[in-house]
Structure formats: C-alpha cells, structure tokens
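# Examination of the molecular architecture
Here is what each chain is made of, one letter per residue.
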Amino acid sequence: ALVTAVCSERNLALAKELGAETVIDYRARSILSPGQSYDIIYDAAAKLQYADARDHLRGRGVYCTTAEGMRPLVESALSKLRRGTRMALSGWRGRQGDFEELEGLLLDGCRPVLGKVFGFADVPKAFELLEGGGFAGKLVIRVGAADGEK
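This report concerns the structure included in the present document. (Residues numbered from 1 in each chain as written. Predicted model: local features only at pLDDT ≥ 70, side-chain atom pairs only at ≥ 80, totals over all residues. Heavy atoms only, no water.)

### Concerning the overall build of the protein
This is how it is decided: By definition, any uninterrupted DSSP run of H or I lasting at least four residues is a helix, any uninterrupted run of E lasting at least two residues is a strand, and each is numbered from the N terminus. Buried, partly exposed and exposed residues are distinguished by accessible area as a fraction of the type maximum, computed with a 1.4 Å probe on protein chains only: under 20%, between the cut-offs, and over 50%, respectively. Contacts were defined at the residue level, with two residues in contact if any of their heavy atoms lie within 4.5 Å. By the counting rule applied here, Lys and Arg register as positive and Asp and Glu as negative, while His and the ends of each chain are not counted. By convention, the point assigned to a charge is CZ for Arg, NZ for Lys, CD for Glu and CG for Asp.
A count of helical and extended segments in the protein gives five helices and seven strands. With the principal axes as the frame, the protein shows a C-alpha extent of 55 × 35 × 35 Å. For the protein, the residues scored as buried account for 26% of the 150 residues in total. Sequence separation of 24 or more characterises 30% of the internal contacts of the protein that already satisfy a separation of 6 or more. One way to put it: in the protein the 21 positive side-chain charges average out to a point 6 Å from where the 20 negative ones average out.

See below:
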C-alpha cells in the first residue's frame, strides 16, 4: 500500500518513520488537492466532511472518520445505500482477538507513539492539549500515579 500522511511540519519525520511514502503539511497546502485520489481516507482528526473527501476517493473507496454525532451517523448509513464510495465510522470496541493481535504487533517490534503522559491530577491539561490539536502520538492518563510521576 502507498500511504500518504497528513500532519504539521514538525511531525513530517515521524510520519515518514512510520512508513508514509508521501507526507502533506496541512498548514502549507490543501489536504485534498485537485487530481489526488485515494482508496481509503482515514480522518483521525475528524477535520473533513464526507462530501469533500468523496470527490477524492477512487471507485468504491472508503472515507473513515473519528467524528461523532448524528450527521456522521446518518451520512455513513446513507453511503451504504448508494453505489460507489462509502463512509465508515471509526469507533473501537475491543474484542479478545483484537488484544491478541495488538500483542503480536508489539512483540514484532511495532511501537505505539506516545505524545505525552499525564498524571490523573493533570487531566484538565491533557484535555486542553487534546482539544487544541497539533500534537503527535497518543495522550495517556496515568491513573493512580503519584504527583509528578510520569
């Protein structure tokens, strides 16, 4: 698979390290440039609308988003009634097999990218960072950690 990643300039190297052949700095140019098309668009930041992404999907391509609410739910359902592109919602519910697969990936050297670890007392700071965006990796809340422990 050819992977195109979208991130800020400061995360370009990380995206390449994680396997992206092409990286787009969303602050420097449009994410969905004319003439670009994809089999899958995974919108982890929920910044796109299906109507915009659909024009850049090939054939029976899929737009997958982390967006929540009634609009994405309805758009996803309606997309399944039409021919061509589809919209999917990325909600994750763990099943036993999923955890075994994750364990296998970790044992094979796949590494999670941790952006920052917060103690429980710093949950408001974590949400502030999360809502502001522009960070790389996952935010972790350590429950039960002593103050100041990372």
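### Some words on helix α4 (residues 96-107)
Put simply, the rule is: To estimate how far a helix should extend, the number of its residues minus one is multiplied by 1.5 Å.
In a regular helix each residue adds 1.5 Å, so 12 residues correspond to 16 Å; α4 covers 17 Å between its end C-alpha atoms and thus fits that length. Once α4 ends, the next one or two residues include G109, with phi positive near 105 degrees.

### A closer look at unusual backbone geometry
The phi torsion at A46 lies on the positive side, around 55 degrees, for a residue other than glycine. Position of A46 relative to the elements: it lies in the loop between β3 (38-43) and α2 (50-54).

### Focus on helix α3 (residues 70-79)
So the rule is basically this: The arc under discussion is defined with respect to the helix axis, by the directions toward the C-beta atoms.
Those residues of α3 lying buried are P72, E75, S76 and S79. Projected down its long axis, α3 carries its buried residues within an arc of 100 degrees, all on one side. At its buried positions, α3 is contacted by α2 and β5 (86-89).

### Some words on the packing of aromatic side chains
Quick reminder of the rule: Working definition: rings of Phe, Tyr and Trp (its six-membered ring) pair if their centres are within 6.5 Å, and the pair is stacked with planes under 30 degrees apart, edge-to-face with planes over 60 apart, and tilted otherwise. Think of it as a cone above the ring: NZ of Lys or CZ of Arg counts as a charge over the ring if it is within 6 Å of the ring centre and within 35 degrees of the ring normal.
Within this structure, the stated rule accounts for one aromatic pair. If you follow R54 out to its NZ or CZ, it ends over the ring of Y50, 5.0 Å from the centre.

### Points about the sheet that holds strand β4 (residues 57-65)
Counted only if it meets this: At least two DSSP bridges between two strands are needed for those strands to be called paired. Only the contacting stretch of a helix is used when fitting its axis, a line to C-alpha atoms as for every element, and angles between N-to-C directions run 0 to 180 degrees.
Spatial ordering of the open sheet is given by β3-β4-β5, a layout of three strands whose pairing is parallel. The outermost strands of the open sheet, each flanked by one partner alone, are β3 and β5. The average undirected angle you get between the axes of adjacent strands in this sheet is 15 degrees. As judged from the four bridges shared by β4 and β5, these two strands associate in the parallel manner.

### Considerations on the nonpolar core
Heads up, the rule is: Nine residue types can take part in a nonpolar core, namely buried Ala, Val, Leu, Ile, Met, Phe, Trp, Tyr and Cys, and a core is a set of them joined through side-chain atoms within 4.5 Å.
Within the largest apolar cluster, 10 residues are counted, these being I24, L32, Y38, I41, L48, Y50, A53, L57, Y63 and M87. At the level of elements, β3, α2 and β4 are the ones that each hand at least two residues to this core. Residue contacts for L57: discarding those within four places in its chain leaves Y38, D39, I40, I41, V62, Y63, T85 and R86. Residues A5, C7, A20 and V23 belong to the second largest nonpolar core, which totals five residues.

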